[in-house]
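One-letter residues, chain by chain:
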Amino acid sequence: MATLNIRGKESWLVPILFILLLVFPLVLTRFYTYLLALIFVSGLAAMSLNLVLGYGGIYQFHHAVFYGVGAYGAALTITKLGYSPWIGFLVGPLLAAFISLVMGAICVRLSKLYFGMLQISLGSLVWAIVYRWYSFTGGDDGIHGVSMPDLIGSTTGSYYFTLLVTAACLIAMYLIVKSPFGSALQGIRDNPVRSEAVGVNVKLHQLVALVIAGFFAGVAGVLFIVVDNSAFPDMLFWTLSLEILIMCLLGGWLTFLGPMLGAAMMVALRTFASTFTEYWTLIQGIILMLVIIFLPEGVLGYVNAKFKQLGNLASGGKA
Amino acid sequence: MLRIEGIQKSFGGFMAVNGANLGVQKGEIVAVIGPNGAGKTTLFNLITGIIKPDGGRVIFKEEEITGLPAYRICKKGMSRSFQVVNIFSRLTVFENVQIAVLSRHGKTFNLFTPSRKLLIEETSDILQSVGLTDKGRSVSGSLSHGDQKALEIAIALGGHPELLILDEPTAGLSPEETIRCIDLIKRLSADLGLTILFCEHDMELVFAIANRIMVMVRGKSIIQGLPADVRCNREVQDAYLGESESGVCLA
């Protein structure tokens, strides 16, 4: 299941999808362009989580911390320290990776749920600092109106920047998942004891995976700044972590692109259902329950399984 | 090649292994036998670093490895299979073995070369040697128990060990599969010159392939010797048959 992916016959879909995404801003209104960019941002955050959750089997419950740290790292570098946005864009992910390294080094000693509990606690600590440190982070007001370079200042500009960076990150993550490191990581997910017995230093690999995931979450945080020009403490509150986690489960946490699909569903649901009713979270909850009961491997996991069945039928039931 | 001196391990007051001694020479096939609960699997876990001993020493190739983590012991040239199937169940058979091969070549921190291009031949050779070539692309969790046990050994071979440790390789196998497994073990020893240490319930298997046999009872090693000596040893008969029936030779 872990290797289910865009590959083989379906791989032509990817360039077509990419070209469509390039054309969309020309035909869509500004609102929808903004919405799409937001999907990329949330999707990238969810996919970075899935790197450790789906591929690594690590219960990173509070992943939004690194998303938030990436955003704040960039925003503060630009507004408080007065550096150019481009430098801020680099600082954000690197800071997120560094926080992930420190937090990971502490948490990785524990396994499974204990890892998750400690990680939530440490993550909440980071949130508390951001939330309380008014003079530097702006406290619960957050940071608004972060100025962007002209090139990516407009809605369309920020859309294209987000699209390209997201695509680049996806390619990098895909390579990582398919690399020997990715194989070892999936081995650890399936069976840490056996991994250790074949000579894999499990904790060290997990730590590296956490740092990589933190980095990409940081990139997502930076992209949020690009799209929204603001950062606020809710970005590292645990409820957002839960939302990112749900995106992974909804889309399919054992597939590569599942979390992106989950993000699209969540963002669309929030946007459209909330225009009908303020109880949109109720709809979200029901959908989530239905997915977990009927599609335990997520929407994309289900689609992939169906594709595989069709392929098997076509080749005479063999394989 | 491997020497174990007075190794001990207790689990909450229960002495699972209580002063076991064992020696394995290069090129030998050594069997560990003993009644259920004698501590055979615990002994193997202690040797391979899965759990840490409370006392005693493990010496491998003239080097003390007592209490080292499992991944470092593996790198020194010792691989093992597990009694209860212990594989990467969501990955394909090929990927299962490839992880072990990648790990041996120290490539698991390589982030950007696709795995599918690396060490294909070595992995395929191992699959062939255990007879799993045509199942390479199957998800390992969906294999039959017999194939999973073969995969167990294949993963261990991926580490290209000098010493191969097999924990009940035939547990749960059908008679035909057991015969195939015996052939495989003999072949690995003869063709690849592997030193093999294994434990087993099946007496027939033990006496068929072991050069020397170590007997464990209640966490202690009571004898290590040639099959003929072990067979007629008084203490061994007591352990297996009870005191009243002693006097006959085993198996």
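In case you missed it, the structure is sitting above this.
Remember, predicted model here, so these are calculated numbers, not experimental data.

A. Just the overall build of chain A, in detail. Across its full length, chain A holds 14 helices and zero strands. The secondary structure elements of chain A, listed N-terminal to C-terminal, are α-α-α-α-α-α-α-α-α-α-α-α-α-α. For 319 residues, the compact-globule formula gives about 20 Å, and the C-alpha radius of gyration of chain A, at 20 Å, lands near that figure. Counting only C-alpha atoms, chain A reaches 65 × 50 × 35 Å along its principal axes. Out of the 319 residues belonging to chain A, those deemed buried represent 51%. If you take every contact in chain A between residues at least 6 apart in sequence, the share linking residues at least 24 apart comes to 76%.

B. Quick look at the nonpolar core. Phe216(A), Leu223(A) and Ala154(B) are the most contacted members of the largest nonpolar core, which totals 169 residues. Broken down by element, this core gets its largest block of residues, 18 residues, from helix α10 (residues 202-228) of chain A. Once you skip the residues sitting within four places of it in the chain, Leu223(A) turns out to touch Phe40(A), Val41(A), Leu44(A), Thr162(A), Val165(A) and Thr166(A).

C. Fine view of the interface of chain B and chain A. Contacts between chain B and chain A engage 35 residues on the former and 26 residues on the latter. Elements represented by at least two residues in the side of chain B that touches chain A include exactly α2 (70-75), α3 (93-104) and α5 (145-158) of chain B. The element that contributes the greatest number of residues to the side of chain B that touches chain A is α3(B), accounting for seven residues. Split into classes, the residues belonging to the side of chain B that touches chain A amount to 17 nonpolar, twelve polar and six charged.

D. Summary view of unusual backbone geometry. Although it is not a glycine, Asn229(A) sits at a positive phi angle of roughly 60°. Here Asn229(A) lies in the loop between α10 and α11 (238-251). Judged by local crowding, Asn229(A) falls into the partly exposed class, with 16 C-beta atoms found within 10 Å. The phi torsion at Glu62(B) lies on the positive side, around 65°, for a residue other than glycine.

The rules we used
- Residues numbered from 1 in each chain as written.
- Chains lettered and ligands numbered in written order.
- Predicted model: local features only at pLDDT ≥ 70, side-chain atom pairs only at ≥ 80, totals over all residues.
- Helix = DSSP H or I, 4+ residues; strand = E, 2+ residues; numbered from the N terminus.
- Rg over C-alpha atoms; globule rule 2.2 N^0.38 Å.
- Buried ≥ 20, exposed ≤ 12 C-beta atoms within 10 Å, placed from the backbone.
- Contact = placed C-beta atoms within 7 Å.
- Core = buried A, V, L, I, M, F, W, Y, C linked by C-beta atoms within 7 Å.
- Nonpolar A, V, L, I, M, F, W, Y, C, P; charged D, E, K, R; others polar.

Without other data, these values stay purely geometric and don't point to any function.
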